[in-house]
Amino acid sequence: MLVAVLLLFGAALWWLHEPIPLRLQPGSQVVDLEIEPGTSANGVAEVIVASGADVPVLLLQAWFRLSGQARLIKAGSYELLPGTTPRKLLSMLVRGEETLKSVTLVEGWTFKQLRTALQKSEQLAPDSIGLSPEIIMEKLGKPGLHPEGRFFPDTYTYAKGASDLAVLKRAARAMDKRLDVAWAQRSPDTPLKTPEQALILASIVEKETGKPADRLQIGGVFTNRLRIGMPLQTDPTVIYGLGLQFDGNLRKRDLQADTPYNTYTRVGLPPTPIAMPGKAALLAAVQPAPTNALYFVSRNDGSGSSHFSASLEEHNRAVNQYIRGK
């Protein structure tokens with residue numbers, strides 16, 4: 001009897017440390033597990049076997065019960081990888097080590113580009129599809145707020161099957177936090193009156209920056225213009241205002257057509273942000289580099305760098321040099 005018990009115990013130990021054979025679907029390297037909330041330990045074992053684990057369900061159920069951790073198994077989305085042992089499987093389920101996917105939101109993206117990225121994200125529930133921007137903002141607890149620029153560009157992880165609205169809510173909270181931190185560090189002589197204005201200016205700085213090293217000075221140019229009441233005259237705001245009418249070529253008539261976003265025809269900031277600014281752009285808006293420059297133009301040298309000028313005469317010479325090749 002003792003020998004039989006020892007043999008049984010040894011077999012159990014061996015089984016617990018042996019990889020579980022898997023029935024993989026064609027083209028797949030893992031077995032996907034979806035454990036619904038409220039599923040019993042026996043039910044979890046049944047789901048695992050039905051999903052592709054080639055193991056007797058009664059054996060798996062017995063292991064869960066005898067481990068003393070059956071009640072600790074957490075619902076969620078998991079991946080059963082080749083080489084996973086019964087012991088590792090239970091540990092994964094008890095720890096709630098769900099399979100996480102990720103989506104990256106890029107600095108300078110518009111809300112439209114953000115939504116496109118979410119729709120293309122792997123195994124992210126598209127709950128926002130078909131919803132207007134206004135309804136989306138209501139669902140995020142920000143009714144009446146324009147969505148542009150309200151989401152912080154970063155990489156966000158999520159469990160398979162998570163709602164895209166949940167990702168948007170996290171990104172919105174992250175932007176609120178980043179904006180609060182930046183506003184608390186604003187220069188005492190900034191012409192900006194509110195965090196909202198800082199967010200708008202940061203979005204312009206983000207779109208105008210070709211080389212990161214120039215970002216603070218670009219912030220300084222726009223700050224100088226705001227301080228003296230000079231039009232910002234920035235193309236990205238005009239392009240944003242054109243919307244679908246913009247065909248890739250910004251024409252003279254576009255610069256002369258008055259819209260709320262035309263910073264050639266109107267003094268001050270546009271009514272909303274025009275894109276998602278990152279941390280560096282937020283800081284450049286509230287802590288710009290001290291400069292007497294009022295103008296800048298791309299050097300067209302492939303690096304994205306700009307030439308800065310304090311006078312219109314100097315700026316025109318730079319335009320002739322770098323843009324017109326004179």
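Okay, so let's go over this structure.

A separate point is the overall build of the protein. Scanning the protein from terminus to terminus reveals 13 helices and six strands. A globule of 326 residues ought to have a C-alpha radius of gyration of about 20 Å, yet the protein, at 28 Å, is considerably larger. Referenced to the eigenvectors of the C-alpha coordinate spread, the extents of the protein come out at roughly 100 × 40 × 40 Å. Every one of the 326 residues in the protein was classed for burial, and the buried ones make up 42%. If you take every contact in the protein between residues at least 6 apart in sequence, the share linking residues at least 24 apart comes to 63%. Per element, the accessible surface of the protein, about 17300 Å² overall, is 54% carbon and sulfur. Each charge class in the protein can be summarised by its mean position, and for the 36 positive and 31 negative side chains these summaries are 3 Å apart.

Bringing the pattern of salt bridges into the picture now. Pairs can form between side chains of opposite charge once their charged atoms are near each other. A full pass over the atoms with the stated rule returns eleven salt bridges. Its salt-bridge partner being Glu 206, residue Arg 215 comes within 3.8 Å of it at the nearest N-O pair. Each member of the pair Arg 215 and Glu 206 is classed as buried. A salt bridge links Asp 247 to Arg 251; its shortest N-O distance comes to 3.1 Å.

Judged by nonpolar contacts, the single largest core of 45 residues is most densely connected at Leu 105, Leu 118, Phe 151, Leu 168 and Phe 222. Element by element, the count of residues in this core is highest for helix H7 (residues 164–184), at nine residues. Setting aside residues no more than four positions away along its own chain, Leu 118 makes contact with Val 103, Leu 105, Leu 124, Asp 164, Val 167 and Leu 168. Among the nonpolar cores identified, the runner-up in size contains 24 residues, and Val 31, Val 49, Leu 90 and Met 92 belong to it.

For an α-helix, 3.6 residues make a turn, and residues three or four places apart therefore share a direction. Inspection of helix H5 (residues 111–120) places Phe 111, Leu 114, Arg 115, Ala 117 and Leu 118 among the buried residues, and these make up the whole buried set. Taken end-on, H5 shows its buried residues confined to a sector of 160°, consistent with a single buried face. Within H5, the exposed residues directed more than 90 degrees away from the buried face are Lys 112 and Lys 120. Looking at the buried side of H5, the elements it contacts are strand S3 (100–104), helix H6 (133–139) and H7.

The next point concerns the packing of aromatic side chains. Ring pairs (aromatic) are described by centroid distance and by the angle formed between their planes. In this structure the tally under the stated criterion is four aromatic pairs. Ring geometry for Phe 111 against Phe 151: centres 5.7 Å apart, planes inclined by 15°, an arrangement best described as stacked. Of this pair, Phe 111 sits in helix H5 while Phe 151 sits in the loop between H6 and strand S4 (155–159), and the two are 40 residues apart along the sequence. Side by side, Phe 111 and Phe 151 carry an identical accessibility label, which is buried. With a centroid separation of 5.7 Å and 85° between ring planes, the pair formed by Phe 222 and Phe 296 is classed as edge-to-face. Note that Phe 222 is positioned in helix H9 (residues 215–228) and Phe 296 in strand S5 (residues 295–298), a separation of 74 residues in sequence. Note on accessibility: Phe 222 and Phe 296 belong to one class, buried.

The rules behind these values
- Residues numbered from 1 in each chain as written.
- Predicted model: local features only at pLDDT ≥ 70, side-chain atom pairs only at ≥ 80, totals over all residues.
- Heavy atoms only, no water.
- Helix = DSSP H or I, 4+ residues; strand = E, 2+ residues; numbered from the N terminus.
- Rg over C-alpha atoms; globule rule 2.2 N^0.38 Å.
- Buried < 20%, exposed > 50% of the residue type's maximum accessible area, 1.4 Å probe, protein only.
- Contact = heavy atoms within 4.5 Å.
- Areas by Shrake-Rupley, 256 points an atom, 1.4 Å probe, with all protein chains shown as cover.
- Lys, Arg positive; Asp, Glu negative; His and termini not counted.
- Charge placed at Lys NZ, Arg CZ, Asp CG, Glu CD.
- Salt bridge = Lys/Arg side-chain N within 4 Å of Asp/Glu carboxyl O.
- Core = buried A, V, L, I, M, F, W, Y, C linked by side-chain atoms within 4.5 Å.
- Arc of directions from axis to C-beta.
- Phe/Tyr/Trp six-rings, centres within 6.5 Å; stacked < 30°, edge-to-face > 60°.

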